[in-house]
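Structural overview for review
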Amino acid sequence: MAAGTAVDTSAAKKPSWGAAFTRSEALRGWTLLSPTTILMVVGLAAPLVIMLLYSFWKQEGLTLNTDFTLANYAEVSGKYYTVLLRSLWIAALAAFFTVLLGYPVAYYVAFHAKNSKFIWLILLTIPFWTSYLLRVFALRVIMPEELRATPAAVVIALTHAWAAFAILPIYVSLEKIDRTLLEAAADLGDGAVRRFWRITFPLSLPGVVSAMTLIFVPTIGDYVTPSLIGGGKPATFMIANIIQGQIKSNDWPLAATTAIVSMIMVAIAVYFFVAALKAASRSLR
Amino acid sequence: MSDMNSGDYIRIEHVTKRFGSFHAVDDAHFSIRPGEFFSLLGPSGCGKTTLLRMIAGFEFPTEGEIYIDGQPVTGVPANKRPTNMVFQSYAIFPHLDVYDNVAYGLRKAKLPKAELDRRVKEALGMIRMDGFENRRADQMSGGQRQRVALARALVNRPKVLLLDEPLGALDKKLREQMQFELRMLQQQVGITFIFVTHDQEEALSLSDRIAVMQKGKVLQIASPRELYESPNCREVADFIGTMNFMPGVVKSIEPKVAVVEVEGLGLINSPLPEDYSFAAVGSEVLIGARPEKLDVVRGAPHPGEKGVKGTIGACAYLGDRNHYQVTIEGRAAPLQVATEQGDRSTLASFSPGEHVTVSWGDNSMVLLPKS
Amino acid sequence: MSAQPLKKIGERSWGITIFAFLYLAFLYAPMLVLPVFSFADQKVIDFPIKGFTTHWYEEMFAKPEMHKALWNSIQVGVIASLTATLFGLLAAKAITRYAIPGKSIAMGLISLPLFIPEILLGLALLIILNVAGVTLSLLTIAAGHVLLCTPFSMAVLVARLDGFDKSLEEASLDLGESGWMTFWRVTFPLIMPAVVSSLLLTFIVSFDEFLLAFFLQGTEQTLPLYIWSGLRFPSNFPPTLALGSIILVVSIVLVVFAEWLRQAGTGGGKMKVGV
């Protein structure tokens, strides 16, 4: 404050909102946080709720019948379970292979890359930032003719596309491991392999779990990869292709239902995956 | 403001600060005079920094009120208070050079350019940092940053300067030099300094008055001399220097002295402190004695003093003095005694196992409540 | 103890090194296809390559629809990255600076767009825009991209603000500056690299985004939509590859720059930023 100024008590005299604002950290924090939170409530939560409502309505020709019905759910589970299961299966395989291939690379960068870590991390993330459409297309170009338009091709393309999402979380969890733990294990007589399975791997599991979920959840709804790789053939259709078809034929309630059912399946799958992994990690002692 | 007591520039009235159920500051109640060098002393986590931050306006009391210059300031944010602070980390703006750091507050006050320049130069001169105008934080040593932080605060001519452990990050030599400079600076600018530290020697050598805090409570507020000579409780005595604590029972209260029976030492006539309500006849109390207030002699105690026989245990040579642990029959804990070092002929005058007498005068003893 | 000697910790092993380089090759092989075939003098995208030509670049540049789509994408990207970075900055500041009850719930909600399939977001937005009677246009695409980009921006900025020395802002307040001016005089100059990095990354996310744009488009196309339509007809492949090669080079430059800024910006109080 400038020379000789007395205390400015204007804020203190009135027991106003301003004074409470100055005093309360929570109030100031929420004021700052609220615009983004409101954005997400309006732009994300509200649309999802309305979509949920739609799933209980019925499209009849050009009119929307807003009487409550479960007909859409019956239709989805009757008609689309093959595609739903295929989507789950493809997404699960993609997540698994991306992590399986990405783990050694993350390990290499964390433990062996030494001074070139930064370059490696940039090299590994650049593909992620370049056009997804063109990457998938280019992959299709170099694929053997007979592989195209198969679910395996979709898995390969996804494994390529999501590489960064596997490597980065695993790298972070490996990087966090205290190196003296490994020295302690060596000191206690563990060789390199046992050290890996008893120390490194269990400690990197959080990274593995977040990598798996980060890949599995969004790939279930992937549209570009099956469409481009499969060239529009139903053998590679995933759930997004179905939803896109339903939107095209203006049956939004059915599309909403399909989307919601697939999300419920994803949630269940993730839940069991995490539970299974927890059980498995207990056996690594 | 004519009714204001000039002795109360800052009044802390029953201030309590809770974080959740944790009492950071518990019912602090005192005032600070204008032009005073006032220290808040205590171990880390005792609430001294929280109290300072409440005066600065970064935290607000859960209960109670703080008055600056007679005005209640709760709800007044930091930028509207006549206080400036020197942060523990110094908080030198890393994107600005020394000149712009010091000019920061003046720019806000929209000072004319010439006046601003004059004030910045003057402040830099005061801390002997002229010529460093274009340095940045990462091009300065800890001591230099600390000076810049001082100049940046003082250039605004605050009524009160708040210092949050400003010397904590410096090495011992530099710290001692800065202590001296701080004291000079305070006398030069003549404003109130409120100084937070956990270093008792620092607080003793710098302050006019010290508030000793522990676990959120202010235990005692007094001049350094008073704190050292007449602590009001065991915690204060223990935190500031070393003290022998001897449990005893009050036998009688005479004018100005309490007669206390102490195990192994017999009857001790201890001067009564200002508040001796805790010392009723028959109640348990503590008798405290600083090691240097006791002496070790061969044979009889010093004339006019009392004494007790004992055996030298451990000895330590500390350069300017000797430390002895003297075992007294009938006492579990040995007495700590520090004797001043005379000329070289008297070096290490006692050795372990030697039978000696511990000698003291009545005024060496302090009467304390049995916490 | 086993008979074989213990391998030293952190010792380089050839197996994993070779694997890492092979993986890099797998990652980059398809990306090399774009520039290679964009200069190949043939209509069919297949080996062997018959000759060198810049014809496809000329053809691509000659298309007015491409120019229009590019310009649309830039507009959408600029709006989305600016808006998302503003929202991301507010949230990141709130999260790192204040103890707020219910913070984790709000953070979870803001990060949600990263965790739900885009098709779901696209469909939900399509329905609500329809209910609200909003005409689909470039603006609706930009709005969708704001939702998608905000969590990216927040993540980048939280990483930078997390290590921010709170006492720098307190020092400014203490010196008499208001909260708002403290932000402009102290906070913003110090987090500028992260803000620029957030702007670049969110711009790239928006620039490359296909599925939301596919759902929320009106009559105007963005570049990915234009590429998508180009990929449906084999005769369009070579010019599309030419366009892809250019996008590839530009995004590599932008990403390296953004990453470099982000790294430079995490140096704590030690870095130097001109004002």
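As the structure is a prediction and not an experimental result, all values here were calculated from the model. (Residues numbered from 1 in each chain as written. Chains lettered and ligands numbered in written order. Predicted model: local features only at pLDDT ≥ 70, side-chain atom pairs only at ≥ 80, totals over all residues. Heavy atoms only, no water.)

Quick look at the overall build of chain C
Note the cut-off: Every helix listed is a DSSP run of H or I at least four residues long, and every strand listed is a run of E at least two residues long, numbered separately from the N terminus. Both definitions apply: the radius of gyration is a C-alpha atom measure, and the globule rule equals 2.2 Å times residues to the power 0.38. Only protein chains enter the calculation, and the probe is 1.4 Å; a residue is then buried if its accessible area is under 20% of its type maximum, exposed if over 50%, and partly exposed in between. Any pair of residues with heavy atoms lying within 4.5 Å of one another is described as a contacting pair.
Assigned secondary structure in chain C consists of eleven helices and zero strands. Listing every helix and strand of chain C by position from the N terminus yields α-α-α-α-α-α-α-α-α-α-α. Scaling as 2.2 N^0.38, a compact globule of 275 residues should have a C-alpha radius of gyration of about 19 Å, whereas chain C reaches 24 Å, well beyond that. By its C-alpha atoms, chain C is 75 × 70 × 40 Å across when sized along the principal axes. Across the 275 residues that make up chain C, the buried fraction comes to 54%. For chain C, restricting intrachain contacts to residue pairs at least 6 apart in sequence, the fraction spanning at least 24 positions comes to 72%.

Some details on the interface of chain C and chain A
Stated precisely, the cut-off is as follows: We count a salt bridge whenever a side-chain nitrogen from Lys or Arg sits within 4 Å of a carboxyl oxygen from Asp or Glu. Under this definition, polar contacts are N or O atom pairs within 3.5 Å; protein pairs additionally need one hydrogen-donor-capable and one acceptor-capable atom, and for neighbouring residues in sequence, both atoms have to be side-chain atoms. We call Asp, Glu, Lys and Arg charged. Ala, Val, Leu, Ile, Met, Phe, Trp, Tyr, Cys and Pro are nonpolar, and the rest, Gly among them, are polar.
The partner chain A presents 81 residues to the 90 residues of chain C that form the contact. Summed over the shared surface of chain C and chain A, the number is zero salt bridges. Between chain C and chain A we count six residue pairs in polar contact (both at pLDDT 80 or more) in total. Examining the composition of the side of chain C that touches chain A, we find that 16 residues originate from one element, helix α1 (residues 14-38) of chain C, more than from any other. Taken together, the residues of the side of chain C that touches chain A break down into 70 nonpolar, eleven polar and nine charged.

A word on the sheet that holds strand β12 (residues 257-262) of chain B
Residue and element names in this part refer to chain B. Operational definition: Two strands are said to pair when DSSP picks up at least two bridges between them. Helix axes use the C-alpha atoms of the stretch in contact, all axes being lines fitted to C-alpha atoms, and the angles between their N-to-C directions lie in the range 0 to 180 degrees.
The five strands lie next to each other as β13-β12-β11-β14-β20, forming an open sheet whose pairing is antiparallel. Each edge of the open sheet is held by one strand with a lone partner, namely β13 (266-271) and β20 (365-369). On average, each strand axis in the sheet is inclined to that of its neighbour by 45°, with strand direction left out of account. Here strand β11 (residues 244-253) pairs with strand β14 (residues 284-289) via six bridges, running antiparallel. By the bridge assignment, Gly 248 is partnered in β14 with Val 285.

Comments concerning the domain arrangement of chain A
All names here are of chain A. Defined as follows: For the domains described, the bounds stem from an automatic or database domain assignment. Put simply, buried area is how much 1.4 Å-probe accessible surface two parts lose in total, over both of them, once they are put together.
In terms of domains, chain A is made up of domain 1 (10-55) and domain 2 (73-283). Domain 1 puts four residues into the contact, and the matching count from domain 2 is seven residues. Taken over both partners, the interface formed by domain 1 and domain 2 buries close to 470 Å², and the fraction arising from carbon and sulfur atoms is 77%. Summed over the three residues of domain 1 that lose the most area to domain 2, namely Met 51, Tyr 54 and Ser 55, the buried surface amounts to 88% of that side. The tally of links from domain 1 across to domain 2 stands at zero salt bridges.

Here's the deal with the sheet that holds strand β19 (residues 355-360) of chain B
All names here are of chain B. As summarised here, the arrangement of the five strands in space is β15-β19-β16-β17-β18, forming an open sheet in which the pairing is antiparallel. Of all the strands in the sheet, just β15 (295-297) and β18 (335-340) have a single pairing partner and so form its edges. For this sheet, the mean angle separating the axes of adjacent strands, direction not counted, is 50°. In this sheet, β19 lies alongside β15 in antiparallel orientation, the contact comprising three bridges. The partner of Val 296 across the bridge, within β19, is Val 358.

What to know about the pattern of salt bridges
Residue and element names in this part refer to chain B. Under the criterion given, the structure shown has 35 salt bridges over all chains. Notably, a salt bridge pairs Glu 122 with Arg 118, separated by 3.7 Å at the nearest N-O pair. One end of the pair, Glu 122, and the other, Arg 118, are both in helix α3 (residues 113-126), four residues apart, so they sit about a helical turn from each other. Between Glu 181 and Arg 128 there is a salt bridge; the shortest N-O distance is 2.5 Å. Residue Glu 181 is found in helix α5 (residues 172-189), and its partner Arg 128 is found in the loop between α3 and α4 (142-154); the two are separated by 53 residues along the sequence.

Some details on the pairing of β13 of chain B
All names here are of chain B. Here β12 pairs with β13 via six bridges, running antiparallel. Directly across from Val 259, in β13, lies its bridge partner Asn 269. The hairpin turn running from β12 into β13, its antiparallel successor, is three residues long, and Gly 264 in that turn takes a positive phi close to 85°.

Side note on the packing of helix α7 (residues 132-142) of chain A against helix α8 (residues 151-161) of chain A
Helix packing geometry: the angle between the two helix axes and the distance between the axes. Residues and elements named next belong to chain A. Heads up, the condition is: Just so you know how the angles are binned, under 35 degrees is roughly parallel, over 145 roughly antiparallel, 65 to 115 roughly perpendicular, and the rest oblique. Should the near helix be turned counterclockwise from the far one by less than a right angle, the crossing is left-handed, whereas a clockwise turn marks it as right-handed.
Close contact between α7 and α8 brings their axes to 10 Å; oriented N to C, the two are set at 135°. Judged by the inter-axis angle, α7 sits oblique to α8. Where α7 crosses over α8, the handedness of that crossing is right-handed. On the side of α7, the interface is formed by Tyr 132, Arg 135 and Leu 139, while α8 contributes Ile 156, Ala 157, Leu 158, His 160 and Ala 161. Split by residue class, the contact of α7 with α8 holds six nonpolar, one polar and one charged.

Examining the packing of aromatic side chains
For clarity, the cut-off: Think of it this way: a Phe, Tyr or Trp ring, Trp meaning its six-membered ring, pairs with another when their centres are within 6.5 Å, and the plane angle makes it stacked under 30 degrees, edge-to-face over 60, tilted otherwise. Counting as a charge over the ring demands two things of the Lys NZ or Arg CZ atom: a distance within 6 Å of the ring centre and an angle within 35 degrees of the ring normal.
Taken as a whole, this structure holds 39 aromatic pairs over all chains when the rule is applied. Between Phe 128 of chain A and Phe 165 of chain A, the aromatic rings sit 4.9 Å apart at their centres with planes inclined by 75°, giving edge-to-face as the arrangement. Here Phe 128 of chain A, found in helix α6 (residues 117-129), pairs with Phe 165 of chain A, found in helix α9 (residues 163-175); they are 37 residues apart in sequence, far enough to count as distant. No difference in accessibility class separates Phe 128 of chain A from Phe 165 of chain A, as the two residues are buried. Aromatic rings pair up to connect Tyr 103, Tyr 107, Phe 111, Phe 196, Trp 197 and Phe 201 of chain A into one cluster. Arg 11 of chain B extends its terminal NZ or CZ atom over the ring of Tyr 67 of chain B, reaching a point 4.5 Å from the ring centre. Stacked on the ring of Tyr 228 of chain B, the Lys or Arg Arg 290 of chain B has its end atom at 4.0 Å from the ring centre.

Points about helix α10 (residues 223-230) of chain C
In terms of burial, α10 of chain C is largely enclosed, as eight of its eight residues are buried. Listed as buried for α10 of chain C are Leu 223, Pro 224, Leu 225, Tyr 226, Ile 227, Trp 228, Ser 229 and Gly 230 of chain C.

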